[in-house]
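Summary of the model geometry
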Amino acid sequence: MEATPRIELGMEVLQTSALPLGYVALESEVDSKIPSMQSQEFRDAMAKLAAGVVVVSARTPEGYRGLTASTLVSVSVDPPLVLVGLEHGSMTRLAVIETGQFNVSVLTRDQEFVAERFAGRAPAVDSRWREIPHRIGSNGIPLIEGCAAWLECEVLQVHAAGDHDVCIGTVRLAQPGAGNPLVLWDRTFWTLQ
Ligand SMILES: Cc1cc2nc3c(=O)[nH]c(=O)nc-3n(C[C@H](O)[C@H](O)[C@H](O)COP(=O)(O)O)c2cc1C
């Protein structure tokens, strides 16, 4: 993409990040209505969908878990529901399903490194989140400080969907924060200007 359209979009690329693969929920077992569709085409197409970046957190007897996610969607206002896609191999998915609770921290442009850490691409986050500025929510699950918004959720439904589970949560607490959001688009982190 050229520089001018970026300005017209009111978006600014964050220089420190380049996502070589992007994040796309890829599933070979899911029936496709387009048999000839190749997984790379699917990945390339979905990379063009701009998404907010969040950290989904959970608690286990051994400590806290968290992952970077770009699949958070607001589903319903009354009752307040969100969904997030959690991949099968994820430790956080296990913790969410076992405890029936999770929190969401909506990341800002200043928190790109936080996104990298919870995606397993930077030094691993220890189970007590000692290096991550956070507070403990009313449900005992951590929330990251300095975010654009925070949610505390109870799992309502879990739907198997290919290599992910679609986890629908009832929002028990929601709080707006401040700051420009971190945006994933075209395998790169961006922010609004
Ligand atoms: C930008 C970005 C978005 C991601 N979105 C998701 C997502 O929506 N769901 C998911 O399960 N994993 C997602 N991932 C991958 C997880 O963050 C990654 O696999 C993480 O290391 C899982 O950690 P865990 O096993 O400790 O739970 C994403 C990664 C990146 C970089």
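Thresholds, definitions, all that
Residues numbered from 1 in each chain as written. Predicted model: local features only at pLDDT ≥ 70, side-chain atom pairs only at ≥ 80, totals over all residues. Helix = DSSP H or I, 4+ residues; strand = E, 2+ residues; numbered from the N terminus. Buried ≥ 20, exposed ≤ 12 C-beta atoms within 10 Å, placed from the backbone. Contact = placed C-beta atoms within 7 Å. Pairing = 2+ DSSP bridges. Axes fitted to C-alpha atoms, helices over the stretch in contact; angles between N-to-C directions. Core = buried A, V, L, I, M, F, W, Y, C linked by C-beta atoms within 7 Å. pLDDT = per-residue confidence, 0-100. Arc of directions from axis to C-beta.

1. A look at the overall build of the protein
Assigned secondary structure in the protein consists of 4 helices and 13 strands. A burial count over the protein gives 30% of its 193 residues as buried. Across the protein, the fraction of contacts at a sequence separation of at least 24, relative to all contacts at a separation of at least 6, is 66%.

2. Notes on the pairing of strand β10 (residues 149–161)
Each regular strand carries side chains that alternate between the two faces of the sheet. Pairing of strand β7 (residues 101–106) with β10, which is carried by 6 bridges, proceeds in the antiparallel orientation. The partner of Ser-105 across the bridge, within β10, is Trp-150. Judged from the 12 bridges that link them, β10 and strand β11 (residues 164–176) form a sheet pairing that is antiparallel. Counted as the bridge partner of Glu-152 is Leu-173 from β11. Following β10, the chain reverses through 2 residues before pairing antiparallel with β11; Gly-162 in that reversal takes a positive phi of roughly 65°.

3. Topic: unusual backbone geometry
Cis geometry is found at the peptide bond from Asp-78 to Pro-79, where omega equals 0°. Following the sequence through the fold, Pro-79 ends up in the loop between β5 (73–76) and β6 (81–87). Of note in this structure, Trp-129 is not a glycine but carries a positive phi near 55°. With respect to the helices, strands and loops of the structure, Trp-129 is situated in the loop between α4 (112–118) and β8 (134–136). C-beta crowding within 10 Å serves as the criterion here: with 18 such atoms nearby, Trp-129 is assigned to the partly exposed category. Phi is positive for Asp-186, which is not a glycine, with a value near 55°.

4. Some words on the sheet that holds β6
Strand order in this open sheet of 7 strands is β4-β3-β7-β10-β11-β6-β5, and the pairing throughout is antiparallel. Each having just a single partner strand, β4 (63–69) and β5 make up the two edges of the open sheet. The sheet shows a mean angle of 35° between the axes of neighbouring strands, taken without regard to direction. Bridge count between β6 and β11: 7 bridges; the pairing is antiparallel. Among the inter-strand pairings, Val-84 is bridged to a residue of β11, identified as Cys-167. The strands touched by helix α3 (residues 91–99) within the sheet are β3 (54–60), β4, β6, β7, β10 and β11, with β3 carrying the most contacts at an inclination of about 60°.

5. Considerations on the nonpolar core
Ranked by size, the top nonpolar core spans 35 residues in total, and within it Val-54, Val-55, Val-56, Val-84, Val-104 and Leu-107 carry the most contacts. Considering each element in turn, this core owes the most residues, 4 residues, to β3. Ignoring any residue separated from it by four or fewer positions in sequence, one finds Leu-107 in contact with Val-53, Val-54, Val-55, Val-114, Ala-115, Cys-147 and Leu-182.

6. Concerning the environment of Ala-149
Structurally, Ala-149 can be placed in strand β10. Its 18 C-beta neighbours within 10 Å are what place Ala-149 among the partly exposed residues.

7. So, the confidence of the model for the protein
Confidence in the prediction of the protein, expressed as mean pLDDT, is 88, and 83% of residues score 70 or more. Summarising per-element confidence for the protein, the mean pLDDT is lowest in helix α1 (residues 3–8) (31) and highest in β7 (99). Below pLDDT 50 for its whole length, residues 1–9 participates in 4 contacts with residues either more than four positions away or in separate chains.

8. Comments concerning α3
Within α3, the full set of buried residues consists of Thr-92, Arg-93, Ala-95 and Val-96. Seen end-on, α3 carries its buried residues on one side only, within an arc spanning 165°. Contacts made by the buried residues of α3 are with β3, β4, β6, β7, β10 and β11.

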